[in-house]
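Fold and contact review
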There are 2 protein chains.
Amino acid sequence: MNIHPMWDQYPDMKKDLADVLTVIDESVTIRDAQARKIVLDLLHAGGKLLRPAFFLLTAKMGETYDRDQLIHVAASIEVLHMATLIHDDIIDEAETRRGLPTVQSQFGAKYALYTGDYLFCVCFKILSKYATALSTVEFNTETVERVLIGELEQMNSRYNTDMTVKQYLRQISRKTAALFAMSCHMGAELSGAGKQAKINARKIGHEVGMAFQILDDILDFTQEANTLGKPVLEDMKQGVYSLPLIYAMERNRAAFLPLLEKKGDIQYEDADEVLALVKKYNGVEKAKEVATKYTNKAVARINKLPESESKKMMLALTEQLLQRQS
Amino acid sequence: MNIHPMWDQYPDMKKDLADVLTVIDESVTIRDAQARKIVLDLLHAGGKLLRPAFFLLTAKMGETYDRDQLIHVAASIEVLHMATLIHDDIIDEAETRRGLPTVQSQFGAKYALYTGDYLFCVCFKILSKYATALSTVEFNTETVERVLIGELEQMNSRYNTDMTVKQYLRQISRKTAALFAMSCHMGAELSGAGKQAKINARKIGHEVGMAFQILDDILDFTQEANTLGKPVLEDMKQGVYSLPLIYAMERNRAAFLPLLEKKGDIQYEDADEVLALVKKYNGVEKAKEVATKYTNKAVARINKLPESESKKMMLALTEQLLQRQS
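The following paragraphs examine the structure supplied in this document. (Residues numbered from 1 in each chain as written. Chains lettered and ligands numbered in written order. Predicted model: local features only at pLDDT ≥ 70, side-chain atom pairs only at ≥ 80, totals over all residues. Heavy atoms only, no water.)

Here chain A sits on chain B after a turn of 180° about the axis and a move of 0.0 Å along it, with an RMSD of 0.0 Å. Such a combination of rotation and displacement between the chain copies is what one expects of a two-fold axis. An overlap of 100% is found between the interface residues of chain A and their copies at the interface of chain B, pointing to a shared contact surface. (Least-squares fit on C-alpha atoms with pLDDT ≥ 70 in both. Contact = heavy atoms within 4.5 Å.)

Here you go:
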């Protein structure tokens, strides 16, 4: 199994995540060879598996746990994430994902549609076999609703040059943080945590997810020179405006409007100019402050948890988030 | 509630189906106004609700039942069907469905994608609340897998002028009959039926579903003059070849090939010619024989069931299927 090198320093977690991948591998029983290949390629492309990892860490904070059950629920979470990725790539008309050509760029949007649908089913299949209570399944579907509403909102607010910080935060709260929140909530539930502890776990997941997405959006503006401009160009073309841009626009909307109004016709040089303007108006710094705020909140919350190995690792991981370079 | 007039002669069923629609209505909690409208418009467009009806009939053959539970499971089945319809319309680039513009023609394929995803989740949400056992949920997801595999196969065999009767039957068995089979199987399960009775119920569902799909495909070749040629033209353009055409081609492949090879560029006059050729080579008659065979099998199987009101209605409905004109 091809596990992301970030887990090398945590051998137990690495073993758990390898087993999560094995479960997913075995659950992909679709006979269509091409669909099977698509799913397994994505699975083994070395994603960070952060959602199942946060689920496992939360679930192991209790006194006892059923490892087999946890591995399966963790697998269902990652499969759900994969399903949304494949469908998102259709919407974004993305060419690559995790360094590989996307399903939709290789086989067309229609194939990607069904492959994503198939994965939704695999998620519920795994979950229905291993969740102790139907309430776990129920919560899961409500999260998916929230994720989809976030995606719909993002789609409807494309090319919205009046987008506010508040609107952006609400969108990523649904689009990304909801799945992190669910992962931690389900972990707490399966660890036998009480009501208050479950709410707390959910908040940790939410804050980690918020920080994660903001940092992901920042990376588009800061990554190495050889790809610089490309992700920004793509987002401008699609009309997706993220936090660094929103903050920079607050300082000087008029400077950005002539560029953004080109919409789908925006050129590489325009994207470079957007990049320069975001830099000039400290968009990245302001966005980083917000990410730090969420990370600090999560760290403070994790710090209050009872001591355990899981707690230590969660703390280290969360602090590590802010140092993300890729 | 706008219930299809075919149910007017069965007031109890009509009441049940109205309640099924109410449950769906109340489960669509998505806040996005447009997505909500899309789902509710489709819901109230007056579909026949055959899948939930067959589920309810099977479920009521037992001695006792929990009506509230049955209504909810029936609702989850119809929602699942709606989700696959919306996604199918993306694949087929369909303009209308049940007389209304499709989601994808009105709001674009991307919106349709998420609305379908949302409905998948609503299905599992309703089901996870009301299924007595998780095994019901499990079976459900496996059926969805089968439906999707059927759709993938159909997609991959587009423009396949060598398609055989056997391949066609296998495709519709997955694409359509699997959901009818599941509906009857779940009904039998919830009625407390034994293993053999459940297998029997599943077979009835399969046979009814097969007959239903074949008759649906035949309608494209036989409906009123004012729409004649249009559905056939659409299918030829998309490379979807159904049973009447497959049978006619068995008689004289060479006559069809020059027309079908035009693929997406096929014209109205070409479709008329295809129609005339299918008529000449008795494609519709041969296809009707197969539909009758499936209907007769289902009728024989239903006849052996213990007497009940549900049995009588199922028998009448199944025989009525063969008289379908719309």
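What follows concerns the nonpolar core. In terms of nonpolar packing, the biggest core is built from 158 residues, with Trp-7, Met-13 and Phe-55 of chain A together with Trp-7, Met-13 and Phe-55 of chain B touching the most fellow members. In this structure, Met-13 of chain B is in contact with Trp-7, Ala-53, Leu-56, Leu-57 and Met-313 of chain B, ignoring residues within four places of it in sequence. (Core = buried A, V, L, I, M, F, W, Y, C linked by side-chain atoms within 4.5 Å. Buried < 20%, exposed > 50% of the residue type's maximum accessible area, 1.4 Å probe, protein only.)

So, on to the interface of chain A and chain B. Taken together, the 37 residues of chain A in the interface contact 37 residues of chain B. Counting every contact that joins chain A to chain B gives zero salt bridges. Our enumeration of links across chain A and chain B arrives at six residue pairs in polar contact (both at pLDDT 80 or more). Put simply, the parts of the chain that give the side of chain A that touches chain B at least two residues each are helix H4 (67-92), helix H6 (109-130) and helix H7 (134-156) of chain A. A per-element tally of the side of chain A that touches chain B places H7 of chain A first, with 13 residues. Grouping the constituent residues of the side of chain A that touches chain B by class yields 19 nonpolar, five polar and 13 charged. (Salt bridge = Lys/Arg side-chain N within 4 Å of Asp/Glu carboxyl O. Polar contact = N/O pair within 3.5 Å; in protein donor to acceptor, adjacent residues only side chain to side chain. Helix = DSSP H or I, 4+ residues; strand = E, 2+ residues; numbered from the N terminus. Nonpolar A, V, L, I, M, F, W, Y, C, P; charged D, E, K, R; others polar.)

Residues and elements named next belong to chain B. As for its placement among the helices and strands, Arg-51 is situated in helix H3 (residues 50-59). Here Arg-51 sits buried without a salt bridge, and the closest side chain of opposite charge, Glu-78, lies 5.3 Å off (N-O distance). Setting aside its immediate chain neighbours within four residues, Arg-51 contacts Ile-77, His-81, Thr-176, Leu-179, Phe-180, Ser-183 and Phe-212. (Lys, Arg positive; Asp, Glu negative; His and termini not counted.)

To continue, consider the packing of helix H4 (residues 67-92) of chain B against helix H6 (residues 109-130) of chain B. All names here are of chain B. In the contact formed by H4 and H6, the axes pass within 8 Å of each other and the chain directions differ by 160°. Of the possible angle classes, the one that applies to H4 and H6 is roughly antiparallel. The chirality of how H4 crosses H6 is left-handed. (Axes fitted to C-alpha atoms, helices over the stretch in contact; angles between N-to-C directions. Parallel < 35°, antiparallel > 145°, perpendicular 65-115°, else oblique. Left-handed = near helix turned anticlockwise from the far one by under 90°.)

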